[in-house]
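# Breakdown of the fold
Single-letter residue listing:
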Amino acid sequence: MKRLLVKNIGRIVGIQPEGRLRICGAEMDRLETLDNAWLLAEGERIAAFGCMESLDGVTPDEVVDAEGGMLFPSFCDSHTHLVYAGSREQEFLDKIHGLSYEEIARRGGGILNSADRLHETSEEKLYRQAMERVREIIAMGTGCVEIKSGYGLSTEDELKMLRVIRRIRETAPLEVRATFLGAHAVARAYRGRQAEYVDLVCREMIPAVAREGLADFVDVFCDEGFFTVEETRRILDVGRRYGLRAKIHADELAASGGVEVGVACGALSVDHLERAGEAQIEALRGSETMPTLLPGAAFFLGMSYPPAREMIRAGLPVALASDYNPGSSPSGNMRMVVALASIRMKMTPAEALHAATLNGACAMELSADFGSITSGKVANFFITKPMPSVEFFSYAYQTPVIRRVFLQGRPIITLPDPMA
């Protein structure tokens, strides 16, 4: 088993004890670090770490000198749609000209536009396009990612998307989780017949997905103009019978009841929450459901931001994710997400880092193995250039500080120094 030693680390960031699966409330602002450190990976796992003074006796096969840079756990991005065909910059212009997200959708754009393009695109081409995005997010520090279907909207095309996600899972070095999102919108062929489309999702799509073992989770866009609480509950119940745990798009456009039905159905996470308020926060208290906030979407669409401070004050955990997709958040840059969380939602850098790492992993049921620097966890981390503080990472969010990326204990990417 190969032993990799990283030495001369200026600071290890995001240390957690074994067994901690998520961080809630005020604890999110307590960031455990270790200065002047080393870290040893054996195979794909973290074996040990400590101060440089305690390095004697470690015998590695490979040594990496961090040269005083900081070592962070890789980001865990628990909400993306990064398998899609082409792009939607025309809708970007529509938004500039004053059309809302809902108006674009009513005109046949948005999700339906992506569904049309995906139908015409081969599985191989979808895979190649998606892998470009996967390589991009790895270089920006992401080591775990959830990817949704939802641009198929037919049984054949939803399965095509999920097979692409499976291929990414088999070939990419980062950890991947797959979500079936057939209830992302009502397909064009079912316009005016939403109940029939929900029947298709429940009676045909979910069983077909389960037969091939293509998904870990089931998701529904439970919001104004999309799927109702009753339809959502039905889809999630069917998904549960086929072994798919719930995740929900909720309260992005209105207080839709999505949070409440998500908690009632034992959802792993409820995501977006731009319109969430006191009632939704109260519904989340005492539940195992992770509120997952997507500030990149609020930024790109010019919407209000989710009430992160109120959630944390209420003792809730909070996760952050990118929502990487072609229409409302065309970026998988989790460092930018962390910065937006501080700039626009007033989360401290420590809170935002925990939300983008351990709590993001928890929102994918991965926090036993990912999301922190913990002995025994998978050695997914990145090394930065020397920085004056941890806060600098969020503050100077466009300064290229990530130098090297390691996944499963192996060096994946070394980025050139633009000043060299």
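Residues numbered from 1 in each chain as written. Predicted model: local features only at pLDDT ≥ 70, side-chain atom pairs only at ≥ 80, totals over all residues. Heavy atoms only, no water.

### What about helix α12 (residues 334-345)?
Selection rule: Only protein chains enter the accessibility calculation, which uses a 1.4 Å probe; a residue is then buried when its area is under 20% of its type maximum, exposed when over 50%, and partly exposed in between. Where helices and strands are cited, they refer to DSSP runs of H or I of at least four residues and of E of at least two residues respectively, numbered from the N terminus. We define a polar contact as two N or O atoms separated by no more than 3.5 Å, with the added condition that, inside protein, one atom must be a possible hydrogen donor and the other a possible acceptor, whereas residues neighbouring each other in sequence contribute only through side-chain atom pairs.
Most of α12 is tucked away: ten of the twelve residues are buried. Residues of α12 that are buried include every one of M334, R335, M336, V337, V338, A339, L340, A341, S342 and M345, and no others. A distance of 3.1 Å separates the backbone nitrogen of R335 from a side-chain oxygen at the start of α12, and that oxygen is part of N333. Within two residues after α12, K346 carries a phi angle of roughly 60 degrees, on the positive side.

### Focus on the pattern of salt bridges
Note the cut-off: When a carboxyl oxygen of Asp or Glu is within 4 Å of a side-chain nitrogen of Lys or Arg, the pair counts as a salt bridge.
Under the definition given, this model contains 25 salt bridges. Of the charged contacts, one joins R3 and E42 as a salt bridge, the two residues approaching to 2.2 Å between their closest N and O atoms. Remark: E42 occurs in strand β2 (residues 33-42) and R3 occurs in strand β1 (residues 3-13); sequence separation between them is 39 residues. E42 gets classed as partly exposed once you look at its relative accessible area, which sits at 28%. The shortest N-O distance in the salt bridge between E67 and R403 comes to 3.1 Å. Here the residue E67 occupies a position in the loop between β4 (62-65) and β5 (70-73), and R403 occupies one in strand β15 (residues 402-407), the gap between them amounting to 336 residues. What makes E67 exposed here is its relative accessible area of 53%.

### Considering the nonpolar core
Rules: Grouping buried Ala, Val, Leu, Ile, Met, Phe, Trp, Tyr and Cys residues that are joined through side-chain atoms within 4.5 Å yields what is termed a nonpolar core. By the convention used here, residues are in contact when the closest approach between their heavy atoms is within 4.5 Å.
The biggest cluster of nonpolar side chains holds 108 residues, and the ones touching the most others in it are V83, I168, L320 and M347. Top contributing element to this core by residue count: helix α6 (residues 194-212), with nine residues. Not counting the four nearest positions on each side in its chain, I168 is found in contact with V83, Y127, A130, M131, V134, I147 and V176.

### Describing the pairing of strand β10 (residues 245-250)
Spelled out, the test is: By the criterion used throughout, a crossover qualifies as right-handed when its path from the first strand across the helix to the second strand runs clockwise, the strands pointing away from the viewer. A pair of strands is considered paired only if DSSP assigns at least 2 bridges between the two.
For β10, a buried count of five out of six residues is recorded, marking the element as mostly surrounded by other parts of the structure. In this view, the connection linking strand β9 (residues 217-222) to its parallel neighbour β10 by way of helix α7 (residues 229-241) has right-handed handedness. Relative to strand β11 (residues 269-272), β10 runs parallel, the two being bridged by four bridges. Among the inter-strand pairings, K247 is bridged to a residue of β11, identified as S269. This β-α-β element, β10 to helix α8 (residues 258-264) to β11, shows right-handed connectivity.

### Side note on a nonpolar patch on the surface
How we decide: Residues form patches when they are more than 30% accessible in relative terms and have no salt bridge. Like charges link within 9 Å. Nonpolar side chains (Val, Leu, Ile, Met, Phe, Trp, Tyr) link within 5 Å. Here the accessible surface of atoms and residues is derived via Shrake-Rupley with a 1.4 Å probe, and residues count as covered only by protein chains that are part of the display.
Where nonpolar side chains cluster on the molecular surface, the patch consists of F92, L93 and I96 and spans about 280 Å² of accessible area. Take I96: it is sitting in helix α1 (residues 89-96).

### Some details on the sheet that holds β10
Overall, parallel pairing links the eight strands, which are arranged β6-β7-β8-β9-β10-β11-β12-β13 in an open sheet. Looking at strand neighbours, the two that pair on one side only are β6 (75-77) and β13 (319-320), the edges of this open sheet. In terms of strand pairing, strand β7 (residues 142-148) meets strand β8 (residues 175-183) through five bridges, oriented parallel. Bridging from a neighbouring strand, I147 pairs with A178 of β8.

### Some words on the UniProt feature "binding site: 4-imidazolone-5-propanoate" (unreviewed entry) in the chain
Spelled out, the test is: UniProt positions are given in the numbering used here, feature names are shortened, and annotations may be inferred rather than shown by experiment.
According to UniProt, the positions carrying the feature "binding site: 4-imidazolone-5-propanoate" (unreviewed entry) are R88, Y151, H184, E252 and S328. If you trace the backbone, R88 turns up in the loop between β6 and α1. Excluding anything up to four places from it in sequence, R88 contacts G110, I111, N113, S114, Y151, P326 and G327. In this fold, H184 is placed in the loop between β8 and α6.

### A word on the UniProt feature "binding site: N-formimidoyl-L-glutamate" (unreviewed entry) in the chain
This chain's UniProt record puts "binding site: N-formimidoyl-L-glutamate" (unreviewed entry) on Y151, N325 and G327. In terms of the greatest pairwise C-alpha distance, the residues named above, spread along 177 residues, form a tight cluster of at most 11.5 Å across. Examined against the element boundaries, Y151 turns out to sit in the loop between β7 and α5 (155-171). Among the secondary structure elements, G327 is positioned in the loop between β13 and α12. If near-sequence neighbours (up to four positions away) are discounted, G327 is found in contact with R88, K95, F300 and L301.

### Looking at helix α3 (residues 111-119)
For clarity, the cut-off: What the arc measures is the spread of directions leading from the helix axis to the C-beta atoms.
Buried residues of α3: I111, L112, S114, A115 and L118, and no others. For α3, the arc enclosing every buried residue in end-on projection is 155 degrees, short of the 170-degree limit, so these residues lie on one face.

### Description of the side chain of S372
Here S372 lies in the loop between α14 (358-362) and β14 (381-384). A distance of 2.8 Å separates polar atoms of two side chains, one belonging to S372 and the other to K377. Residues in contact with S372, not counting those within four places in the same chain, are G14, Q16, I46, P73, L358 and K377.

### Side note on the pairing of β8
Where burial is concerned, most of β8 is hidden: eight out of the nine residues are buried. Regarding the hand of the β-α-β motif, the stretch spanning β8, α6 and β9 is right-handed.

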